[in-house]
Amino acid sequence: SAVISQKPSRDICQRGTSLTIQCQVDSQVTMMFWYRQQPGQSLTLIATANQGSEATYESGFVIDKFPISRPNLTFSTLTVSNMSPEDSSIYLCSAIQGAVYGYTFGSGTRLTVV
Amino acid sequence: TQLLEQSPQFLSIQEGENLTVYCNSSSVFSSLQWYRQEPGEGPVLLVTVVTGGEVKKLKRLTFQFGDARKDSSLHITAAQPGDTGLYLCAGKNGANSKLTFGKGITLSVRP
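Now for a look at the structure at hand. The structure displayed is predicted, hence computed values, not measured ones.

### As for the interface of chain A and chain B
Part 1 of the argument: If you look at the interface, chain A gives 15 residues, while chain B gives 21 residues.
Part 2 of the argument: Around 1,500 Å² of area is buried between chain A and chain B when both sides are counted, 55% of it from carbon and sulfur atoms.
Part 3 of the argument: Linking chain A with chain B are one salt bridge.
Part 4 of the argument: Measuring nitrogen to oxygen at the nearest pair gives 2.7 Å for the salt bridge that ties Lys98 of chain B to Glu58 of chain A.
Part 5 of the argument: For the side of chain A that touches chain B, the class distribution of residues is seven nonpolar, seven polar and one charged.

Now the structure itself:
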């Protein structure tokens, strides 16, 4: 299965600033996703990153707040814009390859907004 | 919206004990996965089940998919401290559908 490198692994940011999280996969993947997870809790899908086009956002998430890029089949970024303490969370990148049912996840980015 | 309910939410047991945890839904899924997540890491896929009634074994872990493909169970035999983690079930309905996650089960195995 694919191996995902995600960075930064953690960051502490000032409110009102933006942070861009990078996700690099070691092989071409069909689909890439971005999730948010509170420590010890379940995963909430933010959006599906589409290669060469605008991401598909889930209810409650908007492009202005979480702009996503996916310039090719192995790389994606998620930006958390104009951050507030409520954005403090773990952000996870995920990918699937072809007909594989299971998802591969990055190690996550633990974001703290102060 | 397809919901997955996992139970129990928290479980603390002694090394060597057996346990069973559950993942239930009122919706039918075409496939269901179980993941284990350790602190500071992303979830790691343990198994995928796709056929109603299917049973899969992974060493001391036994996974079962319900006949109606609405629920699943995970049984761990002779639990070890290395089994400690957050166990997430996740379901899909169709090849291109989104993955729906349950809230997870936090398992702690005491040495």
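### Quick notes on the side chain of Ser72 of chain B
Residues and elements named next belong to chain B.
Part 1 of the argument: Examined against the element boundaries, Ser72 turns out to sit in strand β8 (residues 71-76).
Part 2 of the argument: On the basis of relative accessible area, Ser72 is assigned to the buried category, the value being 3%.
Part 3 of the argument: Of the polar contacts made by the side chain of Ser72, one reaches the side chain of Trp34; its length is 2.9 Å.
Part 4 of the argument: Beyond its immediate sequence surroundings of up to four residues, Ser72 is in contact with Val21, Tyr22, Cys23, Leu32, Trp34, Gln64 and Phe65.

### Notes on the environment of Lys92 of chain B
Part 1 of the argument: Along the chain, Lys92 of chain B falls in strand β9 (residues 85-92).
Part 2 of the argument: Spatially, the C-alpha atom of Lys92 of chain B lies 11 Å from that of Lys70 of chain B, the residues being 22 residues apart in sequence.

### Describing the state of the cysteines
Part 1 of the argument: Summed over the entire model, instances satisfying the criterion amount to two disulfides over all chains.
Part 2 of the argument: Two residues share a disulfide in this structure: Cys23 of chain A and Cys93 of chain A, whose sulfurs sit 1.8 Å from each other. In this structure, the disulfide formed by Cys23 of chain A and Cys93 of chain A twists by about -65 degrees around the S-S bond and is classed as left-handed. Linking Cys23 of chain A in strand β3 (residues 19-25) with Cys93 of chain A in strand β9 (residues 89-96), this pair joins segments that are 70 residues apart in sequence. Across the pair, exposure class does not vary: Cys23 of chain A and Cys93 of chain A are buried alike.
Part 3 of the argument: Disulfide pairing is shown between Cys23 of chain B and Cys89 of chain B; the S-S distance is 2.0 Å. Taking the sign of the torsion about the S-S bond as the criterion, the disulfide between Cys23 of chain B and Cys89 of chain B, at about 75 degrees, is right-handed. Of this pair, Cys23 of chain B sits in strand β3 (residues 19-24) while Cys89 of chain B sits in strand β9; the two residues are 66 residues apart in sequence, bridging distant segments of the chain.
Part 4 of the argument: The class of Cys23 of chain B is buried, set by a relative accessible area of 0%.
Part 5 of the argument: Here Cys13 of chain A stays free of any disulfide, with the sulfur of Cys23 of chain A as its closest cysteine sulfur at 18 Å.
Part 6 of the argument: Here Cys13 of chain A falls in the buried class, since its relative accessible area comes to 8%.

Rules used in this analysis
- Counting from 1, residues in each chain are numbered in the order their sequence is written.
- Written order decides the labels, with chains lettered from A and ligands numbered from 1.
- Given that this is a predicted model, residues contribute local features only at a pLDDT of at least 70 and side-chain atom pairs are listed and counted only at 80 or more, while totals for whole chains, interfaces and linings are drawn from all residues.
- The side-chain values count all of the structure's non-hydrogen atoms but skip hydrogen atoms and water molecules.
- When checking whether two residues touch, look at their non-hydrogen atoms; a contact exists if any pair is within 4.5 Å.
- The term buried area refers to how much accessible surface (probe radius 1.4 Å) is lost by two components on association, counted for both of them together.
- When a carboxyl oxygen of Asp or Glu is within 4 Å of a side-chain nitrogen of Lys or Arg, the pair counts as a salt bridge.
- Each residue gets one label: Ala, Val, Leu, Ile, Met, Phe, Trp, Tyr, Cys and Pro are nonpolar, Asp, Glu, Lys and Arg are charged, and the others, such as Gly, are polar.
- The numbering of helices and of strands both runs from the N terminus, where a helix is a DSSP run of H or I of at least 4 residues and a strand a run of E of at least 2.
- Relative accessibility thresholds used throughout: buried, under 20% of the residue-type maximum; exposed, over 50%; partly exposed, between the two (1.4 Å probe, protein chains only).
- Side-chain atoms alone can form a polar contact between residues adjacent in sequence; in general such a contact is a pair of N or O atoms within 3.5 Å, and within protein one must be able to donate a hydrogen while the other accepts it.
- Any two cysteine sulfur atoms within 2.5 Å of one another count as a disulfide.

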